[in-house]
Amino acid sequence: MRPARVFATAAAATALVGLTAPAAVASANPHWARPGQTLWISDDRRCDLRQGATAYSGAFGTVRLRPRVHYLATHAKVFWHARGKYRVTIRCGDGTRFFDRVQVGPTRGSHAGEGGGAGGMSDAEFAGGAGLVALAAGGGVMVLRRRSRGAA
């Protein structure tokens, strides 16, 4: 296969994977919470401020998001009995929905070294990374083929 064709195929695959992966379009922070902890729930500027939005999760029930400067957000307190992984659904006034996840569990000491990635990667981040790895592999194959042709 010609190098240009390998590169074009890898680029097309990267774009396709990136476009089909669902994006994390709402945010619940932190992604790892303790029972009784307060979460910050935001629509990340995806809902119309005039129509409002609500957020629901088995971790905290239903809360109304309040208008901020350019987005909707609120605080929600995690139920004391909550344990496990929960989906957070934000529903805009026009009916569109966005999702995030939150993990609720007992405190297990500090999460040293986890930093901002404590919640894990979203599907879109994973797909983008996988696409870049595929693109790099295709470029490596092209370089090795050119070297082998030049040595012969």
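What counts as what
Residues numbered from 1 in each chain as written. Predicted model: local features only at pLDDT ≥ 70, side-chain atom pairs only at ≥ 80, totals over all residues. Heavy atoms only, no water. Phe/Tyr/Trp six-rings, centres within 6.5 Å; stacked < 30°, edge-to-face > 60°. Lys NZ or Arg CZ within 6 Å of the ring centre and 35° of its normal. Salt bridge = Lys/Arg side-chain N within 4 Å of Asp/Glu carboxyl O. Buried < 20%, exposed > 50% of the residue type's maximum accessible area, 1.4 Å probe, protein only. Helix = DSSP H or I, 4+ residues; strand = E, 2+ residues; numbered from the N terminus. Contact = heavy atoms within 4.5 Å. Core = buried A, V, L, I, M, F, W, Y, C linked by side-chain atoms within 4.5 Å. Disulfide = S-S within 2.5 Å.

Draft legend 1. Focus on the packing of aromatic side chains. Evaluation of the coordinates by the stated rule reveals 0 aromatic pairs. If you follow arginine 87 out to its NZ or CZ, it ends over the ring of phenylalanine 99, 3.7 Å from the centre.

Draft legend 2. View of the pattern of salt bridges. This model, assessed by the stated rule, comprises 1 salt bridge. Between arginine 50 and aspartate 48 there is a salt bridge; the shortest N-O distance is 3.0 Å. A relative accessible area of 28% places aspartate 48 in the partly exposed class.

Draft legend 3. A look at the environment of lysine 77. Along the polypeptide, lysine 77 turns up in strand 6 (residues 72-77). In this structure lysine 77 comes out as partly exposed when scored by relative accessible area, which is 48%. Put simply, lysine 77 and arginine 34 are 43 residues apart on the chain and 9.9 Å apart in space, counted from C-alpha to C-alpha. In contact with lysine 77, not counting residues within four places along its chain, are Gly36, Gln37, Thr38, Ala59 and Phe60.

Draft legend 4. Fine view of the nonpolar core. Ranked by size, the top nonpolar core spans 22 residues in total, and within it Leu39, Ile41, Cys47, Ala55, Phe60, Ile90 and Val102 carry the most contacts. Residue contributions to this core peak at 4 residues, all from strand 7 (residues 84-92). Discounting residues that sit within four places of it in the chain, isoleucine 41 has contacts with Ser27, Ala28, Ala55, Phe60, Leu65, Leu72, Ala73, Thr74, Ala76, Val88 and Ile90.

Draft legend 5. Just the side chain of threonine 89, in detail. Relative to the assigned elements, threonine 89 resides in strand 7. Using a relative accessible area of 18% as the deciding quantity, one classes threonine 89 as buried.

Draft legend 6. Geometry of the state of the cysteines. Under the criterion given, the structure shown has 1 disulfide. The disulfide partner of cysteine 47 is cysteine 92, and the gap between their sulfur atoms is 1.8 Å. Its S-S torsion of about -65° marks the bond between cysteine 47 and cysteine 92 as left-handed, since a negative value means left-handed. Of the two residues, cysteine 47 sits in the loop between strand 3 (38-42) and strand 4 (53-57) while cysteine 92 sits in strand 7, which places them 45 residues apart along the sequence. Across the pair, cysteine 92 and cysteine 47 agree in class, each one buried.

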